[in-house]
Amino acid sequence: MNRYIFIFLVGLMFFGVAAAPLSTAHADEVKNKDRKQTLNIAHRGASGYAPENTIAAFDKAVEMKADMFEVDVQMSKDGELVLIHDTTLDRTTDGSGNVGDFTYEELQKLDAGSWFGEEFAGEKIPTLGEVLDKYRGKIGILIELKSPALYPGIEEKVAEELKARNLDKPENDKIIVQSFNHESVQKVHELLPSMPLGVLLGNTEVTDEQLSEFASYAEYFNPNKAMITKEFVDRLHSFDLQTQPYTVRDQASADYLLKAGVDGIITDFPDYVDPR
Ligand code: G3P
Ligand code: CA
């Protein structure tokens, strides 16, 4: 065999073998297209960097260029819609006891920032109305009705706040209402038939019948991230349901979900989803 042809063939074999793992690694990388198609949703605000459900965490989400932030809505004793995750005050404020046992004025006196860091001392428990007014049009808001069974009438109150601001239509900014309590989501659907809604679920199997039922009133099916596979995302899409799984707190999970083609990722660290 001609010496040059021999060297060429050996070279071809070497580069072929060496390049194979490289091209596989490349195929495995998260593509910019995946990031662009996926909403980056700061969980309770950018809660990896600032105290959850406070203005500091929502401002941080805006600063980090998240597409949306998530909030947890509950109700004070006197019917004000307040943003806090736990049904008790103990973990994230200097107060103690059930959220629903205190008036708005009493809740306003609490410090909701110091537990996270002294630099956040004095952060208050915000209201839903205050946050809608401050951030609408600047960033999307994913509103979770937290433990609504504890707060009879909370669906009506949330619906009023949205309707008063003309935020109950899909074309008006990006506002979604979701809950683990599916009856509550259905109630909001009856009150605001055009409102984009989400059904939250833990790491639990779902039947086609359930998906079809969810799709009759909701646009989003938002499960624990452990449920996500590419096949499951395709199955949800076949029911016309979009999916925004929760909660990402590490880079590997963000990459996995991006490659699975989810529509949004709920994360404490927006930079894991997109280092903008
Ligand atoms: O938005 C979904 C996620 O927030 C649900 O879990 O406990 O953080 O409210 P949790
Ligand atoms: Ca939540």
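Scroll up a little and you will see the structure.
Model, not experiment: these values are computed from the prediction.

**Quick notes on the overall build of the protein chain**
Counting its regular elements, the protein chain contains 11 helices and eight strands. Burial status across the protein chain gives 49% buried among its 276 residues. Sequence-distant contacts in the protein chain: of pairs separated by 6 or more residues, those separated by 24 or more amount to 57%. Entry remark: accessible area of the protein chain is about 13300 Å², with carbon and sulfur atoms responsible for 54%.

**Considering the site of ligand 1**
As a structural note, the neighbourhood of ligand 1 is formed by His 43, Arg 44, Glu 70, Asp 72, His 85, Glu 144, Lys 146, Gln 178, Phe 180, Leu 200, Tyr 246 and Ile 266. Take His 43: an N or O atom from its side chain is 2.7 Å from an oxygen atom of ligand 1. At 2.7 Å, a side-chain N or O of Arg 44 approaches an oxygen atom of ligand 1. Here ligand 1, which alone exposes 290 Å², has 90% of that area covered by the protein. Split into classes, the residues belonging to the shell around ligand 1 amount to four nonpolar, three polar and five charged.

**Some details on the nonpolar core**
Residues Phe 69, Val 73, Ile 141, Ile 143, Leu 162 and Phe 221 are the most contacted members of the largest nonpolar core, which totals 65 residues. Contact partners of Ile 143, with chain neighbours within four places excluded, come to Val 71, Val 73, Leu 128, Leu 132, Leu 162, Ile 175, Ile 176, Val 177 and Gln 178. One finds Met 68, Leu 142, Tyr 220 and Tyr 246 within the second-largest nonpolar core, a separate group that totals eight residues.

**Things to note about the side chain of Arg 165**
Mapping Arg 165 onto the fold places it in the loop between α6 (154–164) and β5 (175–179). When its relative accessible area of 15% is taken as the criterion, Arg 165 is described as buried. Among the polar contacts listed, one links the side chain of Arg 165 to the backbone oxygen of Gly 129, at a separation of 3.4 Å. When near neighbours in sequence (up to four residues on either side) are disregarded, Arg 165 contacts Gly 129, Leu 132, Asp 133 and Arg 136.

**Examining the environment of Ala 121**
Following the sequence through the fold, Ala 121 ends up in the loop between α4 (104–108) and α5 (128–135). Filtering out sequence-adjacent residues up to four positions away, Ala 121 remains in contact with Asp 111, Gly 113 and Ser 114.

**As for empty space enclosed by the protein**
Throughout the structure, instances matching the rule amount to one cavity of 30 Å³ or more. Taken together, Glu 52, Asn 53, Thr 54, Leu 83, Ile 84, His 85, Thr 92, Thr 93, Ala 112, Lys 124, Ile 125 and Pro 126 make up the lining of the largest cavity. The residue inventory of the lining of the largest cavity, partitioned by class, reads five nonpolar, five polar and two charged.

**Focus on the coordination of the calcium ion (ligand 2)**
Note on metal geometry: ideal angles are 109.5 degrees for four donors arranged tetrahedrally and 90 or 180 degrees for six donors arranged octahedrally. On the protein side, the calcium ion (ligand 2) has Glu 70 (OE), Asp 72 (OD) and Glu 144 (OE) as donor atoms, found 2.1 to 2.3 Å from it. In the primary structure, the donors to the calcium ion (ligand 2) are separated according to the pattern E-x1-D-x71-E. Assessed through its relative accessible area of 3%, Glu 70 is described here as buried.

**Regarding unusual backbone geometry**
At the junction of Tyr 246 and Thr 247, the peptide bond is cis and its omega measures out at -20° in the coordinates. For Thr 247, the position within the fold is in the loop between α9 (230–238) and α10 (251–260).

What counts, and at which threshold
Residues numbered from 1 in each chain as written. Chains lettered and ligands numbered in written order. Predicted model: local features only at pLDDT ≥ 70, side-chain atom pairs only at ≥ 80, totals over all residues. Heavy atoms only, no water. Helix = DSSP H or I, 4+ residues; strand = E, 2+ residues; numbered from the N terminus. Buried < 20%, exposed > 50% of the residue type's maximum accessible area, 1.4 Å probe, protein only. Contact = heavy atoms within 4.5 Å. Areas by Shrake-Rupley, 256 points an atom, 1.4 Å probe, with all protein chains shown as cover. Near = heavy atom within 4 Å. Polar contact = N/O pair within 3.5 Å; in protein donor to acceptor, adjacent residues only side chain to side chain. Nonpolar A, V, L, I, M, F, W, Y, C, P; charged D, E, K, R; others polar. Core = buried A, V, L, I, M, F, W, Y, C linked by side-chain atoms within 4.5 Å. 1 Å grid on protein atoms, 1.4 Å probe; cavity = no way out; pocket = protein on both sides within 12 Å on 5 of 7 lines; lining within 4 Å. Points joined across faces, edges and corners; volume = space filled by probe spheres on them. Donors = N, O, S within 2.8 Å, 3.2 Å for Na, K, Ca; no water.

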